[in-house]
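Secondary and tertiary structure notes
The lines below spell out each chain.
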Amino acid sequence: MGKGDDVATKHEKILQYIESLPVGDKISVRQVAKEMSVSEGTAYRAIKEAENRKLVNTIERVGTIRIEQKKKENIERLTFAEVVNIVDGQVLGGRNGLHKTLTKFVIGAMQMEDMMRYTDPGSLLIVGNRLKVHGNAIRAGAAVLITGGFDASDEVKKLADEMELPIISTSYDTFTVATMINRAIYDQLIEKDILLIEDIIVPISQTATLDADDLVSDFHARNKTTSHGAFPVTSGNGRLVGIVTAKDVIGMDGEVPIERVMTPKPISAGMKMSVASAAHRMIWEGIDLMPVVSTGDRLVGVISRQDVLKALQVAQRQPHQGDTFEDLVRSQMEEDQEAESTLLFTVTPRMTNPLGSLSHGALTIMLSEAADQFLKKRKRGESVIESMSVYFMKHVQLGSTVRIRPELLDMSRHFAKMEFTVHSGDVIVGKAMMMLQVFER
């Protein structure tokens, strides 16, 4: 085993250790380094990876806490630890409850009796400096977020510690806090809609593989039983070491080891990679099968070009729960009834730059949509942009209608080259060139 493999194994073991910790446990770089007998640098990198995987949450002045890993179907539920980070809060008490998930939040803008009717266990009550309300909310099983930078009484802080329900203070006002939390939930709804590799993976239990010590004759035997034209190659401990395709074994003697004909260190994906990213990579590299690995390059499954294409097509037909900026631009799109393959867009305030002119980013999305519609009408399937150049752009003011007309310059089975002319009224306001990779079955 090489030094790189050893580091990867340590990293994987640290992540497994963090995942095994009880929810709510506090961890530190020094503690993990000591427990796992690794350097503090290795421990720090593993904790950062755990944070990316939403296994832990780090809060300023509090530390890193093991939190419950949320399932995709309820990803919009926030933990109190996440709320602290969203509102730049200070934890006044109940730190041991920061890992808990809130079920709803209540705005405390009413009489206390009415307020408490809405305050259930698991709620987050957002309220100002109403000391009596703070204590009643904690007793009712709810956490408290105090707005305006006010403090809580020592009695309430002690009660929050006993009940393990966070009491948090933020300098923002109630309206701003509610907006920030809503925005965070909204962003998570958008994240929930994004297809990831873990949603479409063929797991290792259903994946046909070959061992590095197998022979070309084993490839042919496996090919007959599965009809697959490519197989991931693993070492004895399940680590991905290569991939072998039918092209690699053409004309090879059956006794030749797979290790000699395989492509070593193949392009692979992680479980949290988006399907769109995987599609782009598969098109760019011209591959039909991509291995999926966990930390330490251990093979956990595969995805195929057909799986990716089908997933992208299904995803586009699904209703989305949160609108991205791209959705906003798309909502302003309509077809020009007087000119074939031409799209019309109305410039709204959110599509402008600080000067009130159509932003470069909004124009880029418009061009992407125009290209996508153009290719789909010609039954060319999915595509990804390889390169785009906006080489002329004039001021387009708020409220204007722009007209985008694509022109196909060249096209093959695998790519398309297009030029775009953008009009506002009778004036040309933009010219662009785009190269796209076409994703066919």
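Because the structure is a prediction, the values reported are computed rather than measured.

Our focus in this paragraph is the domain arrangement of the protein. Considered domain by domain, the protein is made up of domain 1 (10–66), domain 2 (80–193), domain 3 (197–314) and domain 4 (325–438). Summarising the inter-unit geometry, the C-alpha centres of domain 1 and domain 3 are found 31 Å apart. Regarding the contact of domain 1 and domain 3, the summed buried area is about 320 Å², with carbon and sulfur atoms giving 46% of it. It is His11, Glu12 and Arg53 that lose the most area in domain 1 upon contact with domain 3, and together they represent 97% of the buried surface on that side. Where Arg298 meets Glu12, a salt bridge forms, and the shortest distance between an N and an O atom there is 3.1 Å. Looking at side-chain class alone, the side of domain 1 that touches domain 3 contains 1 nonpolar, 1 polar and 2 charged residues.

Below, the discussion takes up the pattern of salt bridges. One pass over the structure, following the stated rule, counts 12 salt bridges. For Arg30, the salt bridge is made with Glu40, and the minimal N-O distance between the two is 3.9 Å. Of this pair, Arg30 sits in helix H2 (residues 29–36) while Glu40 sits in helix H3 (residues 40–52), and the two are 10 residues apart along the sequence. Overall, the relative accessible area of 44% leaves Glu40 in the partly exposed class. With a shortest N-O distance of 3.2 Å, Asp372 and Lys376 are connected by a salt bridge. Here the residue Asp372 and the residue Lys376 both occupy positions in helix H16 (residues 360–377), the gap between them amounting to 4 residues, near one helical turn. Among the charged side chains, a network of salt bridges with common partners joins Glu326, Arg330 and Glu369.

Attention now moves to the packing of aromatic side chains. By the definition in use, this model includes 1 aromatic pair. Taking the centre distance of 5.3 Å and the plane angle of 85° together, the rings of Phe219 and Phe231 count as edge-to-face. One end of the pair, Phe219, is in helix H10 (residues 216–226); the other, Phe231, is in strand E11 (residues 230–234), with 12 residues separating them in the sequence. Each member of the pair, Phe219 together with Phe231, is buried.

On to the sheet that holds strand E6 (residues 123–127), then. A sheet is described by the order of its strands in space; here 5 strands give the open sequence E4-E8-E7-E6-E5, paired in mixed fashion. Strand pairing shows two members of the sheet lacking a second neighbour, strand E4 (90–93) and strand E5 (104–107), which therefore form its edges. Neighbouring strand axes in the sheet, compared pairwise and without regard to direction, differ in orientation by 25° on average. Note that E4 and strand E8 (residues 167–169) share 3 bridges and pair antiparallel. Across the sheet, Val91 pairs through a bridge with Ile168, a residue of E8. Each of E4 and E8 is contacted by helix H7 (residues 154–163), which is oriented at about 90° to E4, the strand it contacts most.

So, about empty space enclosed by the protein. Under the counting rule described, the total for this entry stands at 2 cavities of 30 Å³ or more. What the largest cavity holds in volume is close to 50 Å³. Every residue along the wall of the largest cavity is listed here: Glu335, Ser341, Thr342, Leu343, Ala370, Gln373, Phe374 and Lys377. Counting residues per element, the lining of the largest cavity draws most heavily on H16, at 4 residues. Considering only enclosed or pocket space, the second largest cavity measures out at about 30 Å³ in volume.

Analysis parameters
Residues numbered from 1 in each chain as written. Predicted model: local features only at pLDDT ≥ 70, side-chain atom pairs only at ≥ 80, totals over all residues. Heavy atoms only, no water. Domains from an automatic or database assignment. Buried area = accessible area lost by both parts, 1.4 Å probe. Salt bridge = Lys/Arg side-chain N within 4 Å of Asp/Glu carboxyl O. Nonpolar A, V, L, I, M, F, W, Y, C, P; charged D, E, K, R; others polar. Helix = DSSP H or I, 4+ residues; strand = E, 2+ residues; numbered from the N terminus. Buried < 20%, exposed > 50% of the residue type's maximum accessible area, 1.4 Å probe, protein only. Phe/Tyr/Trp six-rings, centres within 6.5 Å; stacked < 30°, edge-to-face > 60°. Pairing = 2+ DSSP bridges. Axes fitted to C-alpha atoms, helices over the stretch in contact; angles between N-to-C directions. Contact = heavy atoms within 4.5 Å. 1 Å grid on protein atoms, 1.4 Å probe; cavity = no way out; pocket = protein on both sides within 12 Å on 5 of 7 lines; lining within 4 Å. Points joined across faces, edges and corners; volume = space filled by probe spheres on them.

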